[in-house]
Amino acid sequence: MLTIYGCLRSRASRNVWLAHEAGLDFRHVPVLQHYRVADPAAADAPMHTRSPEFLKVNPNGHIPTLVDDALVLHESLAINLYLARAYGADLGPANQAEDGLMGMWALWAATEAEPHTIEVLYNRVGKPPAERDAAKADAAIAALRAPFAVLDQAVAETGFLVGGRFTVADINVAEVVRYALPAPELFADNPNLKAWLAACHARPAYKRMMADRDREPA
């Protein structure tokens, strides 16, 4: 059985969303970030990213991790690409060109968008008010204007990123873009992107994942 390690208030949300989309039977092991645990060294502490038992699975000490029989994969976007190819049917590539495009969009999300979307999230809503840095949020929003315009154009014709259908590319990019929702001005300026993200978030598999996420401790 597939096993996904990581809480849903982490990048593991991407993997659980895809697993639900693909109708996969999987085991979910909730692993918290160590900094969210009051006393990570306590004997009764929940499994976290510095727990010895988890470090045996992922010595990097980060979530998520996927275990599929003898295969152990780290990095959320790579995990999704694997799951889509191996088990995702139409979520995965139909040919080598689509495979290349799906890989391209995963790397685009990781390099062009996520370093900035995460700053928007942290400094507009994620951190306690006293710790937020408005200047960092503003700089991140400015940095996102060009890549968001690229994404807006990419989804303008079909409403999807690859192959004119919903795929792993949409999941990977949508989960990175979600972090920027506290900056509504970015979406007002990119109506195709806004409509695409709303359509992604309307999918039953996404709603199922988010409902489970909302039940996790904040």
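The rules behind each value
- Residues numbered from 1 in each chain as written.
- Predicted model: local features only at pLDDT ≥ 70, side-chain atom pairs only at ≥ 80, totals over all residues.
- Heavy atoms only, no water.
- Helix = DSSP H or I, 4+ residues; strand = E, 2+ residues; numbered from the N terminus.
- Rg over C-alpha atoms; globule rule 2.2 N^0.38 Å.
- Buried < 20%, exposed > 50% of the residue type's maximum accessible area, 1.4 Å probe, protein only.
- Salt bridge = Lys/Arg side-chain N within 4 Å of Asp/Glu carboxyl O.
- Pairing = 2+ DSSP bridges.
- Core = buried A, V, L, I, M, F, W, Y, C linked by side-chain atoms within 4.5 Å.
- Contact = heavy atoms within 4.5 Å.

(A) Here's a closer look at the overall build of the protein. Helices and strands together make up the secondary structure of the protein, namely nine helices and four strands. Going from N to C terminus, the protein has its helices and strands arranged as β-α-β-α-β-β-α-α-α-α-α-α-α. Relative to the globule expectation of 17 Å for 218 residues, the C-alpha radius of gyration of the protein, 17 Å, shows essentially globular dimensions. Oriented by its inertia axes, the alpha-carbon framework of the protein measures out at about 55 × 45 × 25 Å. The buried share among the 218 residues of the protein stands at 46%.

(B) Seen up close, the pattern of salt bridges. Within this structure, the stated rule accounts for nine salt bridges. Between E21 and R203 there is a salt bridge whose closest N-O contact spans 2.8 Å. Linking E21 in helix α1 (residues 12-21) with R203 in the loop between α8 (191-201) and α9 (204-215), this pair joins segments that are 182 residues apart in sequence. When its relative accessible area of 26% is taken as the criterion, R203 is described as partly exposed. One salt bridge connects D99 with R85, and the closest N-O pair in it is separated by 2.7 Å. Of this pair, D99 sits in helix α4 (residues 96-126) while R85 sits in helix α3 (residues 76-87), and the two are 14 residues apart along the sequence.

(C) How the structure looks around the pairing of strand β4 (residues 71-74). Here strand β3 (residues 65-68) runs beside β4; their pairing, made up of four bridges, is antiparallel. Of the residues in β4, the one forming a bridge with V67 is V72. Where β3 folds back onto β4 in an antiparallel hairpin, the turn is made up of two residues, including D69, whose phi is positive at roughly 55°.

(D) Structural detail: unusual backbone geometry. Residue I63 is joined to P64 through a cis peptide bond whose omega torsion reads 5°. For P64, the location among the structural elements is in the loop between α2 (52-55) and β3. The backbone of D69 sits at a positive phi, close to 55°, despite the residue not being glycine. With respect to the helices, strands and loops of the structure, D69 is situated in the loop between β3 and β4. The phi dihedral of A89 falls on the positive side, at around 50°, and the residue is not glycine. Since its relative accessible area comes to 64%, A89 is described here as exposed.

(E) Region of interest: the nonpolar core. Counting 51 residues, the largest nonpolar core has W17, L151, L161, V173, V177 and W196 as its most contacted members. Among residues more than four places away in sequence, those in contact with W196 are L151, V155, G159, F160, L161, D170, V173, A174 and V177. With eight residues, the next largest nonpolar core counts C7, V57, I63 and V67 among its residues.

Geometric values such as these leave the question of function open.
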